[in-house]
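Listed below are the residues making up each chain.
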Amino acid sequence: MNDHVHAPVDLTKNQSLVMSALTNSDGPLSAYTILDQLRDHGFRAPLQVYRALDKLVEFGLVHRLESLNAFVACRHPDCDGHETLAFMICETCSQVTELSDMMLANHLKGLAEKRGFALKKTTIELRGVCAMCKAA
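Please read all numbers here as calculations on a predicted model, not as lab measurements. (Residues numbered from 1 in each chain as written. Predicted model: local features only at pLDDT ≥ 70, side-chain atom pairs only at ≥ 80, totals over all residues. Heavy atoms only, no water.)

### Observations regarding the packing of aromatic side chains
Here comes step 1: Counted according to the given criterion, the structure contains one aromatic pair.
Here comes step 2: A ring pair is formed by tyrosine 32 and tyrosine 50, whose centres lie 6.5 Å apart and whose planes are at 80°; its orientation type is edge-to-face. In this pair, tyrosine 32 is assigned in helix α2 (residues 31-37) and tyrosine 50 in helix α3 (residues 46-58), connecting sequence segments 18 residues apart.
Here comes step 3: We classify tyrosine 32 as partly exposed; its relative accessible area is 48%.
Here comes step 4: Taking relative accessible area as the criterion, tyrosine 50 reaches 30% and is therefore assigned partly exposed. (Phe/Tyr/Trp six-rings, centres within 6.5 Å; stacked < 30°, edge-to-face > 60°. Helix = DSSP H or I, 4+ residues; strand = E, 2+ residues; numbered from the N terminus. Buried < 20%, exposed > 50% of the residue type's maximum accessible area, 1.4 Å probe, protein only.)

Here is the structure:
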């Protein structure tokens, strides 16, 4: 586990605004949605949002969901250093639940090593219906 992942980080104004937009969101946000929400705060170009997002991802505060081309704030306090993450994405309500499982991480790392592959990062996206929507 990387202890620095959730350590306090000095964020720039733009990074703080983007982080706030993601933290206050009920679901994942695209960079363009973030840009629209932050226009009143001086954001004019997608590049401003992407620069902030890149740093927030680097700091381990935000995750990118490839299949949705969107971003979510990290909500898992014991995140395993962001080497292997899994996300359950509800196709009904768009809720995203972050999972971290060391057994899964170790298994995937072992599979890669057997094939001579130097694994750096794994992101798994599980698409389906959450328990709340399934019960409704």
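### Focus: the side chain of serine 25
Here comes step 1: One can find serine 25 in the loop between α1 (13-23) and α2.
Here comes step 2: Separated by 2.5 Å, the side chain of serine 25 and the backbone oxygen of glycine 27 make a polar contact. (Polar contact = N/O pair within 3.5 Å; in protein donor to acceptor, adjacent residues only side chain to side chain.)

### So, the pairing of strand β2 (residues 70-73)
Here comes step 1: Residues Ala70 and Val72 of β2 are buried on one face, and the alternating residues Phe71 and Ala73, pointing to the opposite face, are buried as well.
Here comes step 2: For strand β1 (residues 62-65) and β2, the ladder comprises four bridges, and the chain directions are antiparallel. When the sheet's bridge partners are listed, leucine 65 is paired in β2 with alanine 70.
Here comes step 3: Taking the residues that link successive antiparallel strands as the turn, the β1-β2 hairpin has four residues, and the phi of asparagine 69 there is positive, at about 50°. (Pairing = 2+ DSSP bridges.)

### Quick look at the packing of α1 against α3
Here comes step 1: It is the contact of α1 with α3, at a shortest axis distance of 9 Å, that shows an interaxial angle of 80°. Our classification of the angle between α1 and α3 gives roughly perpendicular. On α3, the residues touching Asn14, Gln15, Val18, Met19 and Leu22 of α1 are Gln48, Ala52, Leu53, Lys55 and Leu56.
Here comes step 2: Split into classes, the residues belonging to the contact of α1 with α3 amount to six nonpolar, three polar and one charged. (Axes fitted to C-alpha atoms, helices over the stretch in contact; angles between N-to-C directions. Parallel < 35°, antiparallel > 145°, perpendicular 65-115°, else oblique. Contact = heavy atoms within 4.5 Å. Nonpolar A, V, L, I, M, F, W, Y, C, P; charged D, E, K, R; others polar.)

So far we have only geometry, and geometry alone does not tell us how the molecule works.
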